[in-house]
Amino acid sequence: MNLLELQQRLGARVRSTIEEKFVSFPPVQGEIPPRTELGDVAFPVAFEVAKRLKQEKGERANPRAIAEELKAALEAEAGVARVEVAGAGYLNVFYDRAQSLQHLVASSDAPIATLSQGDMSAGDKSKVIVEHTNINPNKAAHIGHLRNGVLGDTFVRVLRATGATVEVQNYIDNTGVQVADVVVGFMHIEHMTLEDVRRLDESLTPERPFDYYCWDLYAQVGLFYRRGDAEGKEDPELLKLRSDTLHAIEAGDNPTAELADYIATRIVECHLKTMGRLGIRYDVLPRESEILSLRFWDRAFGRLKETGAIRFETEGRNANCWVMPADSHTGTDEHDADKIIVRSNGTVTYAGKDIAYQLWKLGELGLDFYYKPFQQYVDGHVVWVTTSQPPTDEAMVANQPPKFGGGSIVYNVIDSRQSYTQDIVQRGVQAVVPGLAREPSVHLSYEMVALSPAASEELGFELSAEDRARPHIEMSGRKGLGVKVDDLIDRLEANALKEVDTRHAELSPEEKFETARIIATGALRYFLLKWTRNSLIAFDFKEALSFEGETGPYCQYAAVRANSIFRKLDDDTLARARAFAKGLAGSEPDAEAVRQIFAGEGGDELWSLLTQAARLEETTAQAAAQAEPAYLAKYTFQLAKAFNLFYHRHRIIAEENETRRIVLINIADLVRRQLTAALATLGITVPERM
RNA sequence: GCACCCGUAGCUCAGUUGGAUAGAGCGUUUGACUUCGAAUCAAAAGGUCGUAGGUUCGAGCCCUACCGGGUGUACCA
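All of these numbers come straight from a predicted model, not from anything done at the bench.

The rules behind the values
- All residue numbers refer to positions counted from 1 along the written sequence of the respective chain.
- Numbering of ligands from 1 and lettering of chains from A proceed in the order in which they are written.
- Thresholds applied to this predicted model are a pLDDT of at least 70 for local features of residues and 80 or more for the giving and counting of side-chain atom pairs; totals over whole chains, interfaces and linings are not thresholded and use all residues.
- Each side-chain value is derived from all of the structure's non-hydrogen atoms; neither hydrogens nor water enter the calculation.
- Two strands are said to pair when DSSP picks up at least two bridges between them.
- Strands here are runs of E lasting at least two residues and helices are runs of H or I lasting at least four, both read from the DSSP assignment and numbered beginning at the N terminus.
- Among buried residues, the Ala, Val, Leu, Ile, Met, Phe, Trp, Tyr and Cys ones that are joined through side-chain atoms within 4.5 Å form a nonpolar core.
- Exposed residues in this analysis have more than 50% of their type's maximum accessible area, buried residues have under 20%, and partly exposed residues fall in between, with area computed by a 1.4 Å probe over protein chains only.
- The criterion used for residue contact is that any of the two residues' heavy atoms lie within 4.5 Å.
- Any Lys or Arg side-chain nitrogen found within 4 Å of a carboxyl oxygen on Asp or Glu counts as a salt bridge.
- Criterion for a disulfide: a pair of cysteine sulfur atoms within 2.5 Å.
- Segmentation into domains, and thus their bounds, comes from an automatic or database assignment.
- Throughout this document, a residue counts as near a molecule or strand when at least one of its heavy atoms sits within 4 Å of that molecule or strand.
- We call two N or O atoms a polar contact when they sit within 3.5 Å, provided that within protein one can donate a hydrogen and the other can accept it, with sequence-adjacent residues counted only if both atoms are side-chain atoms.
- The pairing test for Phe, Tyr and Trp rings, Trp by its six-membered ring, is centres within 6.5 Å, and the orientation test on the planes gives stacked under 30 degrees, edge-to-face over 60, and tilted for anything in between.
- Here, a charge over a ring is recorded when the distance from Lys NZ or Arg CZ to the ring centre is within 6 Å and its angle to the ring normal is within 35 degrees.

A. Structural view of the pairing of strand S2 (residues 80–86). As paired elements, S2 and strand S3 (residues 90–95) share six bridges and run antiparallel to each other. Along S3, the bridge assignment pairs Ala 86 with Tyr 90.

B. Representation of the sheet that holds strand S15 (residues 473–474). Here three strands make up an open sheet; going across it, the order is S15-S14-S16 and the pairing mixed. Strands at the two margins of the open sheet, each flanked by one partner only, are S15 and strand S16 (537–539). With three bridges connecting them, strand S14 (residues 449–451) and S16 associate as parallel partners. By the bridge assignment, Ala 450 is partnered in S16 with Ala 538.

C. Expanded view of the nonpolar core. Counting residues in hydrophobic clusters, the biggest one holds 144 residues, and the most contacted among them are Phe 43, Leu 101 and Phe 539. Counting residues per element, this core draws most heavily on helix H27 (residues 658–681), which supplies 12 residues. Contact partners of Phe 43, with chain neighbours within four places excluded, come to Gln 7, Leu 10, Gly 11, Val 14, Val 28, Gln 29, Gly 30, Leu 74, Leu 91 and Val 93.

D. Local environment of the pattern of salt bridges. As enumerated under the stated definition, the model contains 52 salt bridges in all. For the salt bridge of Arg 35 with Glu 37, the shortest nitrogen-to-oxygen distance reads 3.6 Å. Residue classification places Arg 35 among the partly exposed positions, given a relative accessible area of 46%. Between Glu 269 and Arg 266 there is a salt bridge, with its nearest N and O atoms 3.0 Å apart. Placement of both Glu 269 and Arg 266 in helix H10 (residues 255–276) is noted, with a separation of three residues, approximately one turn of the helix. Salt bridges sharing common partners tie together Asp 96, Glu 588, Glu 592 and Arg 595.

E. Fine view of the state of the cysteines. A complete count under the given rule lists zero disulfides for this structure. Its sulfur unpaired, Cys 214 is 8.0 Å from the next cysteine sulfur, which belongs to Cys 270. According to the relative accessible area criterion, Cys 214 is buried, its value standing at 0%.

F. View of the side chain of Gln 422. By the element assignment, Gln 422 lies in helix H15 (residues 419–432). Overall, the relative accessible area of 1% leaves Gln 422 in the buried class. Not counting residues within four places of it along the chain, the set of residues in contact with Gln 422 comprises Tyr 350, Asp 354, Asn 412, Ile 414 and His 443.

G. Quick peek at the domain arrangement of chain A. Its domain assignment divides chain A into domain 1 (4–95), domain 2 (128–309 + 349–453), domain 3 (455–544) and domain 4 (552–681). Placing a centre on the C-alpha atoms of domain 1 and another on those of domain 2 gives a separation of 53 Å.

H. Layout of the protein's contact with RNA strand B. By nearness alone, 66 residues border RNA strand B, and Asp 173, His 504, Thr 532, Tyr 554 and His 650 come closest of all. Restricting attention to atoms of RNA strand B within 4 Å of the protein, one finds that 58% of them are sugar or phosphate atoms. Arg 503 places a side-chain nitrogen or oxygen 2.3 Å from a phosphate oxygen of RNA strand B. Elements supplying a minimum of two residues to the surface near RNA strand B: S3, helix H13 (350–361), H15, helix H18 (485–503), helix H21 (552–568) and helix H26 (629–649). A total of eight residues in the surface near RNA strand B trace back to one element, the largest contributor, which is H26.

I. Examining the packing of aromatic side chains more closely. Counting across every chain of the model gives 22 aromatic pairs. Summarising the aromatic geometry, the rings of Trp 360 and Phe 369 are spaced 4.8 Å apart at their centres and angled 75° between planes, so their arrangement reads as edge-to-face. Accessibility expressed as a relative area gives 4% for Phe 369, which makes it buried. Plain terms: the ring middles of Phe 643 and Phe 646 are 5.7 Å apart, the flat faces sit at 45° to each other, and that makes the pair tilted. On the criterion of helical spacing, the pair formed by Phe 643 and Phe 646 is a turn pair, its members being three residues apart in helix H26. Across the ring face of Phe 94, the terminal group of Arg 82 is positioned such that the distance to the ring centre comes to 3.8 Å. We note Lys 530 situated over the ring of Trp 531; from NZ or CZ to the ring centre the distance is 5.8 Å.

Now the structure itself:
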């Protein structure tokens, strides 16, 4: 359902008419006027035409006169009711509302249309890869991690809604210092072996599961390195425990590595469960351990040396290192401009490993992982995890994974603090595969989630006067300061359940809980999506827990209300209303009656709701092209708002004028379809009742 | 120092390739439940779009300088 085709056709006509009568001209897009009274699409091109005429031919022309000439051409187009020239030379086009209604209803029979315009060409069958979540597997997920997951997951849904084939990856850094720290905690603070940890894990209750336990332990390790003094310095002797642990993990085949693997795997299970509560899913979990053991770096290193992207330093501060020279900034005594990729001891830095990994994602490395199933969602979808060994037994051989990696474009959802490193990675990738695409590997950057001072205190953290004056306080896993995702979901569910309980006492406990779960998910996902990517979220409990105003539940509520109309209306009435709309082309008296209903101020209001609903596909395409899910979230809220107003002003079932009733039914039906579809793309479902 | 991001209503934020009277939510004040459910709707108040220049028929948006805030700038991952 959309009016975009008409708009595009008119744009093409405007351009061809300009070129025919005046001067050569670039493609024109058309724009949506700020108010319905100003038309359905506007072409403010006359100013530009006048300018070009003067520049190229030396003719002086009045923009209004130019607009008048273009007006005649547009009036002849099908679907156009009238054209006005407004202001100094705006060309405002009004669509035939009866014909548009007929078209919109007819096209709403088809499943949600896939788009063929923009950068995300549906004709291009190549795969898009989105990597998101990427939480260090050493503790419970907090809301900062969740912003990443929700942003990534929603972007995936947006891309899929435009017809793209998308693969979802969640990178697991299972061999890094963060995991090593928790291993140190278990081994040197708790003095536990792998068996002890297993037993502990089994004994833990749902109130404090393994990832929560590790959350606390990780914070303790931070203190442990400082000999118990939070403000003190880290003891080098204790830090050696960390580096020894890290080396043991990287070497593999020893009890420390086995413990690390147990912890990381269990935490990943916890993360997947947490994310699963919000409908966030993955296809494959590439792990750092396999990037190391399968020697991805060695291959990438060779390519980087060949292309000259990195150079070996023989003297100076970076002697014996391989560095990537800087181009975007200059260095100082304190900060060197060049970025070290290979250390003087021959080991590779994070940026280097990531270059290798990005090359694999783009199918440009010439190496692949082996895979095994990690877990299965209830609907049968399997999440795979990488492994270093080829399948051995017959069952594994028979159970072939899909082909992973090799995307035509890769989006990496990573917060903006890593922009510098990501820039290094991009440059490395582009040096190795220059001709691939303009930007095959995209850093989908977003600002972090911090805590409002009030939220920090609510979590029981004492703030200094200085901190309290700050606009926000950064979360810190090391200090254990943060809002755990599961805690927040639990609170949202409990609050929603209370509301459902007071409104729908008649529902069964299961129905009540399911409704509360859907509302909580809607609230949380919308809360994280309504901000644009480079807006920092200062997390506030009151705001996050709200179900009123610009929230997910507000949008859900509008859809629930729309559905409630159709619950009371028999199917036959809806079918007849739709048939009437579809038949408008064949009946001039009916079409005229519909035009009457859409006339005047009240008619404009109905029409404006309809056109707003028709813009979902266009908005989704924009959200995809700009990689900005917030566009879709804002649109959904605005549509819900417009529908709530409509709902309040019109009694649909009780409407006495038959034609008017039919029109209202069609509008309500189209809006609820679009609203439901928009919410689905945001990962939000509509409950039966609320 | 350098790089990137931000500065719009009391607060938190939208404002997409420059377009018509700069918009939401929250908060404040006031009004609307016998209806397809008020998790809603309506109305009011609230703005030198950080400052100063510039480009343009037209600037919140583009350019320059400055002021203020944030984040990076590791032989950590």
